[in-house]
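Listed here are the chains, written in short residue letters.
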Amino acid sequence: MKRNRIGLNYALNGLKIALTQEYNFRIHLIVLVITVFAGLVVDLSRIEWLWIIIAGGFVVTLELINSVIEMITDVLFPDYDSIAKRIKDISAAAVLTSSITAMLIGIIIFVPKIWTSLI
Ligand SMILES: Nc1ncnc2c1ncn2[C@@H]1O[C@H](COP(=O)(O)OP(=O)(O)OP(=O)(O)O)[C@@H](O)[C@H]1O
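Residues numbered from 1 in each chain as written. Predicted model: local features only at pLDDT ≥ 70, side-chain atom pairs only at ≥ 80, totals over all residues. Heavy atoms only, no water.

Cut-off, in case you're wondering: UniProt positions are given in the numbering used here, feature names are shortened, and annotations may be inferred rather than shown by experiment.
Identification of the protein chain as Diacylglycerol kinase from Alkalibacillus flavidus is taken from an unreviewed UniProt entry. The record in UniProt for the protein chain states the following under Sequence similarities (unreviewed entry): "Belongs to the bacterial diacylglycerol kinase family." Recorded in UniProt for the protein chain, the comment headed Subcellular location (unreviewed entry) runs: "Cell membrane".

In structure tokens:
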């Protein structure tokens, strides 16, 4: 039980580090907060909230993993290295594909609602 509590503290500390030191993580969180606010405004259904939670959690989690991969790469390859470049570029690509996926989910959910409110 005590171990679990300490583990949670470390994880929360990790979130604090990401929030204060990782610019891209902050941007993704801000986009998520705006999306949640928009979801409240257009009154999403339970299923639509589930999709938003899955999409948002997916992007934010991948951004955290990407930050870790970047840090490990910087330690392993302090100088320019073509493998380091591939690792970082592919890791960034994972965040990009997750972001595009989340954006498509957002478009599918929000565009029809905005459309019907306009006509
Ligand atoms: N050691 C390296 N060797 C070769 N290319 C590198 C190296 N470090 C970074 N790069 C290249 O520079 C790009 C940006 O790397 P960087 O570490 O600045 O990450 P970032 O995507 O800007 O993320 P962040 O802003 O969170 O640091 C990488 O995607 C890679 O193409």
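## Quick notes on the nonpolar core
Counted only if it meets this: Think of a nonpolar core as a cluster: buried Ala, Val, Leu, Ile, Met, Phe, Trp, Tyr and Cys residues, connected wherever their side-chain atoms sit within 4.5 Å. Exposed residues in this analysis have more than 50% of their type's maximum accessible area, buried residues have under 20%, and partly exposed residues fall in between, with area computed by a 1.4 Å probe over protein chains only. For helices the rule is a DSSP run of H or I covering at least 4 residues; for strands it is a run of E covering at least 2, with both sets numbered from the N terminus onward.
One finds Leu44, Ile52, Ala55, Val59, Ala102, Ile105, Ile109 and Phe110 forming the largest nonpolar core, which totals eight residues. When contributions to this core are tallied by element, the ones reaching two or more residues are helix H3 (46-76) and helix H4 (82-118). No other element matches H4, which puts four residues into this core.

## Here we look at unusual backbone geometry
The backbone of Asp43 shows a phi angle near 60 degrees, a positive value even though the residue is not glycine. Among the structural elements, Asp43 can be located in the loop between helix H2 (23-42) and H3.

## Observations regarding the site of the ligand
Which entries qualify depends on this criterion: The cutoff for a nearby residue is simple: one of its non-hydrogen atoms must lie within 4 Å of the molecule or strand. Pairing of N or O atoms within 3.5 Å defines a polar contact, subject to two protein rules: one partner must be a possible hydrogen donor and the other a possible acceptor, and residues neighboring in sequence count only if both atoms are side-chain atoms. Here the Shrake-Rupley method, with its probe set to 1.4 Å, supplies the accessible areas, and only the displayed protein chains count as covering residues. Three classes are used, and their members are as follows: Ala, Val, Leu, Ile, Met, Phe, Trp, Tyr, Cys and Pro are nonpolar, Asp, Glu, Lys and Arg are charged, and the others, Gly among them, are polar.
Taken together, the neighbourhood of the ligand is formed by Glu22, Glu70, Phe77, Asp79, Tyr80, Asp81, Ala84, Lys85, Lys88 and Asp89. The separation between an oxygen atom of the ligand and a polar side-chain atom of Lys88 is 2.6 Å. Out of a free accessible area of 610 Å², the ligand has 59% covered by protein chains. Counting residues per element, the shell around the ligand draws most heavily on H4, at four residues. Across the shell around the ligand, the residue classes tally to three nonpolar, no polar and seven charged.

## Comments concerning H2
Quick note on the threshold: Expected helix span is computed as 1.5 Å times (number of residues minus one). Taken from the helix axis, the directions to the C-beta atoms give the arc we talk about.
Its 20 residues give H2 an end-to-end C-alpha distance of 29 Å, which sits within 8% of 28 Å, the value for a rise of 1.5 Å per residue. All buried positions along H2 are accounted for by Phe25, His28 and Gly39. Taken down its axis, H2 places every buried residue within 65 degrees of arc, on the same side. In H2, the exposed residues that point more than 90 degrees away from the buried face are Tyr23, Val33, Ile34, Phe37, Leu40 and Val41. Just downstream of H2, Asp43 is the residue with a positive phi angle, here 60 degrees.

## Considering the environment of Ala84
In plain terms, the rule: Contacts are assigned to residue pairs with any non-hydrogen atoms lying within 4.5 Å of each other.
Within the secondary structure layout, Ala84 lies in helix H4. For the pair formed by Ala84 and Ile72, sequence separation is twelve residues and the distance between their alpha carbons is 9.9 Å. In contact with Ala84, other than residues within four places in its own chain, are Thr73 and Phe77.

## A look at the UniProt feature "transmembrane region" (unreviewed entry) in the protein chain
The residues that UniProt annotates with the feature "transmembrane region" (unreviewed entry) are residues 25-43, 49-69 and 90-111. Counting secondary structure, residues 25-43 comes out at 95% helix and 0% strand; the distance between its end C-alpha atoms is 26 Å. The distance from the first to the last C-alpha atom of residues 49-69 is 30 Å, and the span holds 100% helix and 0% strand.

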